[in-house]
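# What the coordinates show
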Amino acid sequence: MTSNVLSNTAVCFTQIKHRRHCTGICVNAALTTFIEQEMQECNRNIAVVTYNTNAQVPDSAGTATAYLCGVKANEGTVGVSAAAVKSQCNTTRGNEVTSILKWAKDAGKSVGIVTTTRVNHATPSAAYAHCVDRDWYSDGDMPAEALQSGCKDIARQLFENIPDIDVIMGGGRRNMYPRNTPDVEYPGDKKHNGTRKDGRNLVGEWTDRMKDKRGYYVWNRKDLFSLNPNNVDYLLGLFEPADLPYELERNKETDPSLTEMVDVAIKILRKNERGFYLLVEGGRIDHGHHDGKAKQALHEAVEMDRAITRAGLLTSIYDTLTVVTADHSHVFSFGGYTHRGNSIFGLAPIMSDIDQKPFTSILYGNGPGFKFVNGARENVSTVDYEQNNYQAQAAVPLSMETHGGEDVAIFSKGPLAHLLHGVQEQHYIPHVMAYAACIGQNKGHCHTNSGSPSLSHISPTLALLLSIKWLLC
Ligand SMILES: [Zn+2]
């Protein structure tokens, strides 16, 4: 379980239940033992089965559709059912599925998305978009046929499908501006220029729409912290043209950390008396693994852990359901009979009895770390395997390491957290959250004929806690 937990990509999402109505969740991917301690208070541990409808080893688009929209889907597609075919625009209509973020918004809760990837990347996009291709970031990325058939790019859907998502933070500026528009932070670097063919400035349109609504757009850390969350109802923060940098490489003056973004997001969202739903993704854990850079991936995981801790300090288990899990795993392994106290990035205490060379405790099943020197496995003691960008040895050469197909861990705390136990399909997750928050389609259990909440379906202990809370509210 430990290596599985460490190898997961990071998708955190937090839905929160504030006072008697609110709800919160935090799904992550790469968890550390710190998280286990953090969540110990009232969690129920389970494993989540992550396959896509057409893949044993899933991708983040299909899995996000599962744990956000409640149905499994094909790989590469977001916010559409398995009846939709990847990259085939004409299979979109009629197969759209909505997410728990939308269910929460429709119920009057505030909603937010925080990610270290671009805000229109696979995971966040399943919360608001219906798209047969996760790579249709802007219309500049779409084939002419798909545009002619009426399919919309994901950046555009971020602002049009659920127009008032209260908090949006991450990267992705270049997909919001017309083609060739210089980026505000890197005006001399053409690769960061705008990508839109339709000439629209989605940030400008959003800002215009928010003029009288206490809505603010920020693109750097200083501007983010110049805001008082008490005076902000809507926030759009786009801190990079594409994904945010790895935490180890973050410019602490210009880019906020995941923890800082979560802190601001919760302070804005929790003002809503009816509660809020927040999706948090530590999305670059996954990228670190794809690069074979275990140190980057694990430091992203530590930052994810800090974000979860901060979320826990800003919320209460009596009114907030917090869920932490992964979208999928990676072919990452941690072995070699290392002793307690050994650096996790260090060597195993034994040599290979086949080639008589040392090996690192962390290895990948495949990826860019595959390396032969003079026809033999590289002797890792001749390189700096502790450096940030060292690519751990892989058994099979690939330019990008792949996801893994095994189950991932999930942790939860708060009201009705006990419903997350045992081994479950991934698409079960949003249904539990919706049930706990009394949002979405199935609300029959929420009220009795007298109009007061029915607690018959939950444990006496939890019922007691909730009853006390209601008296206090
Ligand atoms: Zn990935």
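Residues numbered from 1 in each chain as written. Predicted model: local features only at pLDDT ≥ 70, side-chain atom pairs only at ≥ 80, totals over all residues.

### Section: the overall build of the protein
Along its length, the protein carries 14 helices and 17 strands. Looking at the protein as a whole, 51% of its 473 residues qualify as buried. In the protein, the share of contacts with a sequence separation of at least 24, taken over all contacts with a separation of at least 6, comes to 70%. (Helix = DSSP H or I, 4+ residues; strand = E, 2+ residues; numbered from the N terminus. Buried ≥ 20, exposed ≤ 12 C-beta atoms within 10 Å, placed from the backbone. Contact = placed C-beta atoms within 7 Å.)

### Observations regarding the sheet that holds strand β14 (residues 394–397)
The three strands lie next to each other as β10-β11-β14, forming an open sheet whose pairing is mixed. Each edge of the open sheet carries a strand with a single partner, namely β10 (332–334) and β14. Averaged over all adjacent pairs, the angle separating strand axes in this sheet is 20°, with direction ignored. Where strand β11 (residues 362–367) meets β14, three bridges bridge the pair, whose relative direction is parallel. Residue pairing in the sheet places tyrosine 364 in a bridge with alanine 394 of β14. (Pairing = 2+ DSSP bridges. Axes fitted to C-alpha atoms, helices over the stretch in contact; angles between N-to-C directions.)

### What about the nonpolar core?
Residues Leu101, Val262, Ala265, Leu278, Ile410 and Met433 are the most contacted members of the largest nonpolar core, which totals 103 residues. Each of domain 1 (2–331 + 402–437) and domain 2 (333–401) contributes no fewer than three residues to this core. If near-sequence neighbours (up to four positions away) are discounted, valine 262 is found in contact with Val114, Val280, Ala307, Arg310 and Ala311. (Core = buried A, V, L, I, M, F, W, Y, C linked by C-beta atoms within 7 Å. Domains from an automatic or database assignment.)

### Here we look at the pairing of strand β4 (residues 167–171)
For β4, a buried count of five out of five residues is recorded, marking the element as mostly surrounded by other parts of the structure. Where β4 and strand β6 (residues 234–238) come together, four bridges link them in parallel fashion. Its bridge partner lying in β6, glycine 170 is registered against leucine 238.

### Remarks on helix α12 (residues 294–314)
Every α-helix carries 3.6 residues per turn, so stepping three or four residues along brings you back to the same face. Between the first and last C-alpha of α12 there are 30 Å, a value that for 21 residues agrees with the 30 Å anticipated at 1.5 Å per step. Along α12, 15 of the 21 residues are buried, which leaves the element largely enclosed by surrounding structure. (Expected span 1.5 Å × (residues − 1).)

### Regarding the UniProt feature "binding site: Zn(2+)" (unreviewed entry) in the protein
Mapped onto the present numbering, the UniProt feature "binding site: Zn(2+)" (unreviewed entry) falls at Asp286, His290, Asp327, His328 and His403. For this annotated set, covering 118 residues, all C-alpha atoms fall within 14.5 Å of each other, a compact arrangement in space. Within the element layout of this structure, aspartate 286 appears in helix α11 (residues 284–290). Note on aspartate 286: 30 C-beta atoms within 10 Å, which makes it buried. Along the polypeptide, histidine 403 turns up in strand β15 (residues 403–404). For histidine 403, a count of 24 C-beta atoms within 10 Å puts it in the buried group. In this structure histidine 403 touches Val57, Pro58, Asp59, His328, Ser329 and His330, once residues within four positions along its chain are discounted. (UniProt positions renumbered as here; feature names shortened; annotations may be inferred.)

### Regarding the environment of glutamate 253
Relative to the helices and strands, glutamate 253 resides in the loop between β6 and α10 (258–269). Exposure remark for glutamate 253: the 8 C-beta atoms within 10 Å place this residue in the exposed category. On a C-alpha basis, the gap between glutamate 253 and lysine 222 in space is 7.2 Å, while along the polypeptide they are 31 residues apart.

### What to know about the packing of α10 against α12
Between α10 and α12, whose axes approach to 8 Å, the crossing angle comes to 25°. On the basis of their axis angle, the class for α10 and α12 is roughly parallel. Where α10 crosses over α12, the two elements pack in a sense that is right-handed. Contacts from Leu258, Thr259, Val262, Asp263 and Ile266 of α10 reach α12 at Glu303, Met304, Arg306, Ala307, Arg310, Ala311 and Leu314. By residue class, the composition of the contact of α10 with α12 is seven nonpolar, one polar and four charged. (Parallel < 35°, antiparallel > 145°, perpendicular 65-115°, else oblique. Left-handed = near helix turned anticlockwise from the far one by under 90°. Nonpolar A, V, L, I, M, F, W, Y, C, P; charged D, E, K, R; others polar.)

### Points about the pairing of β6
Across the five residues of β6, five count as buried, placing the element largely inside the fold. Where burial is concerned, the two faces of β6 agree: the one with Tyr234, Leu236 and Leu238 and the one with Leu235 and Gly237 are both buried.

### Some thoughts on unusual backbone geometry
Positive phi, normally seen in glycine, also occurs at serine 87, with a value near 70°. For serine 87, the location among the structural elements is in the loop between α3 (60–69) and α4 (100–106). The backbone of asparagine 180 shows a phi angle near 75°, a positive value even though the residue is not glycine. Locating asparagine 180 in the fold gives a position in the loop between β4 and α8 (202–209).

### A few points about the environment of glycine 79
Note that glycine 79 resides in the loop between α3 and α4. Using a count of 29 C-beta atoms within 10 Å as the deciding quantity, one classes glycine 79 as buried. For glycine 79 and threonine 98, which are 19 residues apart along the polypeptide, the C-alpha to C-alpha distance reads 6.4 Å. Not counting the four nearest positions on each side in its chain, glycine 79 is found in contact with Thr65, Cys69, Glu96, Val97, Ser99, Ala126, Ala129, His130 and Cys131.

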